[in-house]
Amino acid sequence: EFIKGLRNLKCVICKSKNGRLRIPVQCTAGTDHVLDCFPDSLRADEKDRKSGNQGCLHAIHVGCARWKAREKYARYKGKAARLCYYYPGQKANFEEDWDGKTKIITKDPKSNIFCRTHCHEIINSQLMTS
């Protein structure tokens, strides 16, 4: 049922909502799944969680974001902007807690995709810090 609902989303790049193999993915901004390296303004805050805010509602095919967007959708300040990011995860680390017990710390793989507006926010924050 959930997948069927996603098939009705329309990609903001190719304007298509074609279905079987090309399912658009929602922009990650405004969720708890944003990678740590991005600005805090892209993450959901406590107010968003309480109100049930679902984050940015723009949908994008991953293929369109990776290859087609470079043509014109993701151009910013004369350059092609990156919309897809992937963190492959990390092997489990073993760490001793303060009470002497050993716990396992893992970092799961994450992928992020951003619409044009949130991609520009990432670029601007990187320019400010460099």
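Residues numbered from 1 in each chain as written. Predicted model: local features only at pLDDT ≥ 70, side-chain atom pairs only at ≥ 80, totals over all residues. Heavy atoms only, no water.

Trainee: Describe the side chain of H118, listing the residues and the values that go with them.
Mentor: With respect to the helices and strands, the residue H118 is situated in helix 4 (residues 116-129). Since its relative accessible area comes to 17%, H118 is described here as buried. Among residues more than four places away in sequence, those in contact with H118 are C27, A29, L42 and C56. (Helix = DSSP H or I, 4+ residues; strand = E, 2+ residues; numbered from the N terminus. Buried < 20%, exposed > 50% of the residue type's maximum accessible area, 1.4 Å probe, protein only. Contact = heavy atoms within 4.5 Å.)

Trainee: Hey, could you go over the nonpolar core for me, with residue numbers and the actual values?
Mentor: Residues I13, F38, L42, I60, Y73, L83 and F114 are the most contacted members of the largest nonpolar core, which totals 25 residues. Residue assignment for this core shows that the elements contributing at least two residues are helix 3 (62-68), strand 5 (84-87) and helix 4. Leave out the neighbours within four places in its chain, and I60 touches C11, V12, I13, P24, V25, A65, I113, F114 and C115. (Core = buried A, V, L, I, M, F, W, Y, C linked by side-chain atoms within 4.5 Å.)

Trainee: Describe the pattern of salt bridges, with residues and values.
Mentor: With the rule as written, the count across this model stands at 1 salt bridge. Between D40 and R43 there is a salt bridge; the shortest N-O distance is 3.3 Å. (Salt bridge = Lys/Arg side-chain N within 4 Å of Asp/Glu carboxyl O.)

Trainee: Can you tell me about the environment of K77, naming the residues and giving the values?
Mentor: With respect to the helices and strands, the residue K77 is situated in the loop between strand 3 (75-76) and strand 4 (79-80). Classification of K77 by relative accessible area gives exposed; the value is 58%. In this structure, the C-alpha to C-alpha distance between K77 and H120, residues 43 residues apart in sequence, is 9.4 Å.

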